[in-house]
Amino acid sequence: MVKLNKIYTRTGDNGTTGLVSGPRRLKSDLRVDAYGAVDETNAFVGLARQHTADVADLDAILMRIQNDLFDLGADLATPDTGEKPEYEPLRIVASQVAWLETEIDRLNADLDPLRSFVLPAGSAASAALHVARTVARRAERQMVALAQIEAEIVSREAIAYINRLSDFLFVAARLANDKGRADVLWIPGKNR
């Protein structure tokens, strides 16, 4: 269990932060940026939850996702160096990705079929979920960029999780728009 007695340490005043595994990195480092975007995603999911209490069992699902996003942040903040660590680092696992897929399929089965692209609008819950979705996509782009660096490892499961999460948030946003019936659809060229 994590225990935080003191919130500030002053160790980051030089522009660096400590990874879970100990080494310090610049706060502008792509790994720090990636887990920072995961943290932002989590904050926006929390904000969306302020509007989802009346949307089926969505709040409970989002609460579980918030916990998984902390797992993902811990995964990214503990780089795999290829060496055996002194402790078992927290990693995203395939069952977390599979659970998201199950939830996507379950929720999507009740939605009106898509007839066009959906604008990120509608109810407050839907709009907030769309913001969380777009931040998750940014986190995914940063994680993929990090994985392209030879000395950096990002697991397939971690990338799959964040990819699937943005899909889930899209479906959840449609659910929050009266199961898709209140979606605001894109009309190509409408304002020409």
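Note that this is a predicted model, so its numbers are computed, not measured.

Definitions and limits used
- Residues numbered from 1 in each chain as written.
- Predicted model: local features only at pLDDT ≥ 70, side-chain atom pairs only at ≥ 80, totals over all residues.
- Heavy atoms only, no water.
- Salt bridge = Lys/Arg side-chain N within 4 Å of Asp/Glu carboxyl O.
- Helix = DSSP H or I, 4+ residues; strand = E, 2+ residues; numbered from the N terminus.
- Buried < 20%, exposed > 50% of the residue type's maximum accessible area, 1.4 Å probe, protein only.
- Axes fitted to C-alpha atoms, helices over the stretch in contact; angles between N-to-C directions.
- Parallel < 35°, antiparallel > 145°, perpendicular 65-115°, else oblique.
- Left-handed = near helix turned anticlockwise from the far one by under 90°.
- Contact = heavy atoms within 4.5 Å.
- Expected span 1.5 Å × (residues − 1).
- Core = buried A, V, L, I, M, F, W, Y, C linked by side-chain atoms within 4.5 Å.
- Patch = residues over 30% accessible without salt bridge, like charges linked within 9 Å, V, L, I, M, F, W, Y side chains within 5 Å.
- Areas by Shrake-Rupley, 256 points an atom, 1.4 Å probe, with all protein chains shown as cover.

Engineer: What is the right way to read the pattern of salt bridges from this model?
Structural biologist: Two side chains carrying opposite charge are able to pair once their charged atoms lie near each other. With the rule as written, the count across this model stands at 11 salt bridges. Among the ionic pairs, Asp75 bridges to Arg91, the shortest N-O distance being 3.1 Å. You can see Asp75 sitting in helix H2 (residues 58-76) and its partner Arg91 sitting in the loop between H2 and helix H3 (94-108), a full 16 residues away along the chain. Of the residues examined, Asp75 reaches a relative accessible area of 6% and is grouped as buried. One salt-bridge network, in which partners are shared between bridges, spans Asp57, Glu103 and Arg106.

Engineer: Where do I start with the packing of H2 against H3 in this structure?
Structural biologist: Helix-helix packing is characterised by the crossing angle of the two axes and by the distance between the axes. Between H2 and H3, the least distance of the axes is 12 Å, while the angle of their chain directions is 155°. By the angle between their directions, the pair H2 and H3 is classed as roughly antiparallel. Like other packed secondary-structure pairs, H2 and H3 cross with a definite hand, here left-handed. Where H2 abuts H3, its residues Leu58, Ile61, Arg64, Ile65, Asp68 and Asp71 lie against Gln96, Trp99, Leu100, Glu103, Arg106 and Leu107.

Engineer: Teacher, can you tell me more about helix H1 (residues 30-49) here?
Structural biologist: For an α-helix, the turn length of 3.6 residues means that residues three or four places apart are oriented alike. Its 20 residues give H1 an end-to-end C-alpha distance of 29 Å, which sits within 8% of 28 Å, the value for a rise of 1.5 Å per residue. For H1, the set of buried residues is Arg31, Val32, Ala34, Tyr35, Ala37, Val38, Thr41, Asn42, Val45, Gly46 and Ala48.

Engineer: How do you make sense of the nonpolar core when you look at a structure like this?
Structural biologist: Here is a general trend for soluble globular proteins: nonpolar side chains tend to be buried in one another's company. Ranked by size, the top nonpolar core spans 44 residues in total, and within it Ile65, Leu72 and Phe168 carry the most contacts. Broken down by secondary-structure element, the contributors of at least two residues to this core are H1, H2, H3, helix H4 (124-147) and helix H5 (156-176). Sort the elements by how many residues they give to this core and H5 lands first, with 12 residues. When neighbours within four sequence positions are excluded, Ile65 is seen to be in contact with Trp99, Leu100, Tyr161, Leu165 and Phe168.

Engineer: Just checking my understanding: could you explain a nonpolar patch on the surface for this structure?
Structural biologist: Taken together, the side chains of Phe117, Leu119, Val184 and Trp186 present a nonpolar region at the surface, about 380 Å² in accessible area. With respect to the secondary-structure elements, Val184 resides in the segment after H5. Overall, the relative accessible area of 31% leaves Val184 in the partly exposed class.

Remember that the coordinates give geometry; whether it matters functionally is a separate question.
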